[in-house]
Amino acid sequence: MTDPVVPTPKPVKRNAEQDQLIADKITAAAQYLDTIEGDPEISAALATRGYDAAKLTEGRGLHQTAQAAFTQRQLTLAAQGHATAGVSGHAATAREMVIDFRETVRSITAFTAADRTALKVTGTLPTDKQKFITLARASYQAAQQPPYAATLATYGFPAATITAALAALDAYSKADTDQNTAIGSATKATADRNAAVKELDAYMKQLKGIAKVALRQRPDLLKKLNG
């Protein structure tokens, strides 16, 4: 059995290209501000157009916020990747144990149809995580009770094995919760990054427009800014 098919995410290449564009934009903003502050003529011309030291400091703050948000998103994406891998690993372990248990119960001739129903081994395993965990836990809990415990212990499922199987379900459930938390954190980090970059974009767009006017008669200085 496998977990349910989830919607296909956006291509990694597209996300990677978008990340690179944003990274380039953040770095370019810093370089633009560096050029202004490093050239007395440019900074003097812009100071008369509203971009004095305080206004440029505002831009530095926006850049730092965007850079921090970009970094934080990368960290949350890494955490999400680890969480997803954790879910896959725990899912495989838990399902293998349940399949082994169900096949064992179905093979024991001493068990009647009513017994198999009580042990929750009829039908197919749910693909939904929560339904699977609930059903499997019910199976193991029933297996801990008489008259099933003694018989199952003989055929490879003593109390310690059932306890370990329940622990595997708990680990799977926690991994699923951790993944959901990681996905939420990554989603928020993406929104925070986009908002920070949007603010930086607005600032830089106006700054570049003003610089173009202020330095119209000095194409040499404009060239320094435009690269």
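Coordinates for the structure precede this section.
Note that the structure is predicted; figures quoted are calculated from it, not measured.

Reading guide: rules and limits
- Residues numbered from 1 in each chain as written.
- Predicted model: local features only at pLDDT ≥ 70, side-chain atom pairs only at ≥ 80, totals over all residues.
- Heavy atoms only, no water.
- Helix = DSSP H or I, 4+ residues; strand = E, 2+ residues; numbered from the N terminus.
- Rg over C-alpha atoms; globule rule 2.2 N^0.38 Å.
- Buried < 20%, exposed > 50% of the residue type's maximum accessible area, 1.4 Å probe, protein only.
- Contact = heavy atoms within 4.5 Å.
- Areas by Shrake-Rupley, 256 points an atom, 1.4 Å probe, with all protein chains shown as cover.
- Lys, Arg positive; Asp, Glu negative; His and termini not counted.
- Charge placed at Lys NZ, Arg CZ, Asp CG, Glu CD.
- Axes fitted to C-alpha atoms, helices over the stretch in contact; angles between N-to-C directions.
- Parallel < 35°, antiparallel > 145°, perpendicular 65-115°, else oblique.
- Left-handed = near helix turned anticlockwise from the far one by under 90°.
- Nonpolar A, V, L, I, M, F, W, Y, C, P; charged D, E, K, R; others polar.
- Salt bridge = Lys/Arg side-chain N within 4 Å of Asp/Glu carboxyl O.

As a further point, take the overall build of the protein. Across its full length, the protein holds 8 helices and 0 strands. Walking the protein from its N terminus toward its C terminus, one meets helices and strands in the order α-α-α-α-α-α-α-α. Taken against the 2.2 N^0.38 rule, which gives 17 Å for 227 residues, the C-alpha radius of gyration of the protein at 30 Å runs more than 25% over that of a compact globule. Oriented by its inertia axes, the alpha-carbon framework of the protein measures out at about 95 × 25 × 20 Å. Counting only residues that meet the buried cut, the protein has 33% of its 227 residues in that class. In the protein, 77% of the contacts between residues at least 6 apart in sequence involve partners at least 24 apart. In the form shown here, the protein has an accessible surface area of approximately 13,000 Å², with 58% of it arising from carbon and sulfur atoms. Mean positive and mean negative side-chain charge positions of the protein (27 and 22 charges, respectively) differ by 6 Å.

Below, the discussion takes up unusual backbone geometry. P146 connects to P147 through a cis peptide bond whose omega is 5 degrees. Position of P147 relative to the elements: it lies in the loop between helix 5 (129-143) and helix 6 (148-154). Of note in this structure, K120 is not a glycine but carries a positive phi near 60 degrees. With respect to the helices, strands and loops of the structure, K120 is situated in the loop between helix 4 (113-118) and helix 5. Look at K120 and you get partly exposed, because its relative accessible area is 36%.

Turning our attention to the packing of helix 5 against helix 7 (residues 159-214). At a closest axis distance of 10 Å, the pairing of helix 5 and helix 7 adopts a crossing angle of 160 degrees. By the angle between their axes, helix 5 is roughly antiparallel relative to helix 7. The crossing of helix 5 and helix 7 is left-handed. Across the interface between the two elements, K129, Q130, F132, I133, A136, R137, Y140, Q141 and A143 of helix 5 pack against I162, A165, L166, L169, D170, Y172, S173 and D176 of helix 7. For the contact of helix 5 with helix 7, a count of residues per class yields 10 nonpolar, 3 polar and 4 charged.

Attention shifts here to the environment of F111. Position of F111 among the secondary structure elements: in the loop between helix 3 (53-107) and helix 4. Residue F111 is classed as buried on the basis of its relative accessible area of 6%. Excluding anything up to four places from it in sequence, F111 contacts V105, R116, L119, Y148, T151 and L152.

Of note, N226 is situated in helix 8 (residues 219-226). Each C-alpha atom of the pair N226 and T35 lies 9.8 Å from the other, and the pair is 191 residues apart in sequence.

Time to look at the pattern of salt bridges. If you walk through the whole model with that rule in mind, you get 12 salt bridges. Here R60 ties to E37 by a salt bridge, and the two come within 2.9 Å at their closest N and O atoms. Remark: E37 occurs in helix 1 (residues 12-38) and R60 occurs in helix 3; sequence separation between them is 23 residues. The partner of R137 in a salt bridge is D170, and the shortest N-O contact between them spans 2.5 Å.

Within the secondary structure layout, T104 lies in helix 3. For T104, a relative accessible area of 14% translates into the label buried. Beyond its immediate chain neighbours, meaning those up to four positions away, T104 contacts Y155 and F157.

Keep in mind these values describe shape, not function.
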